Amino acid sequence: MTGQSDEEWWFARSALLGEVAPDFADRFPDVGRLESESAPEPPPADDPVPYLERQALETFTVGLGVLLDGIEAAVRRAAAP
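Owing to the predicted nature of the structure, the values given are computational and were not obtained by experimental measurement.

A. Up close: the overall build of the chain. Of regular secondary structure, the chain possesses five helices and zero strands. Across the chain, helices and strands are ordered from the amino to the carboxyl terminus as α-α-α-α-α. The C-alpha radius of gyration computed for the chain amounts to 20 Å, which surpasses the reference 12 Å derived for 81 residues by more than 25%, pointing to a less compact arrangement than a globule. Each principal axis of the C-alpha atoms in the chain carries an extent, and together these give about 65 × 35 × 25 Å.

Okay, structure coming up:
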């Protein structure tokens, strides 16, 4: 444990990227594009849910919705005359 939040830990390490890989932006231009796009609003500082847990829940929720939509479409096809 570092005593830092995930966001603080990653932010501290991201500053070293320029030293470790000075040509990173040339080698991986899509990362630069992603960085320049607007990021989602960060969670409130008092949010008790860790970042990775929040992301996992969102991914699960979207995936479950897609799965259920597929099941509904299959049931409708099977019931069609």
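On we go.
B. Seen up close, the packing of aromatic side chains. Tallied over the entire structure, the rule returns two aromatic pairs. When the ring of Trp9 is compared with that of Trp10, the centres are 4.8 Å apart and the planes differ by 85°; the resulting orientation is edge-to-face. Plain terms: the ring middles of Phe24 and Phe28 are 4.9 Å apart, the flat faces sit at 40° to each other, and that makes the pair tilted. The partly exposed category is assigned to Phe24, whose relative accessible area is 22%. Phe28 gets classed as partly exposed once you look at its relative accessible area, which sits at 36%.

Cut-off values and rules
- Residues numbered from 1 in each chain as written.
- Predicted model: local features only at pLDDT ≥ 70, side-chain atom pairs only at ≥ 80, totals over all residues.
- Heavy atoms only, no water.
- Helix = DSSP H or I, 4+ residues; strand = E, 2+ residues; numbered from the N terminus.
- Rg over C-alpha atoms; globule rule 2.2 N^0.38 Å.
- Phe/Tyr/Trp six-rings, centres within 6.5 Å; stacked < 30°, edge-to-face > 60°.
- Buried < 20%, exposed > 50% of the residue type's maximum accessible area, 1.4 Å probe, protein only.

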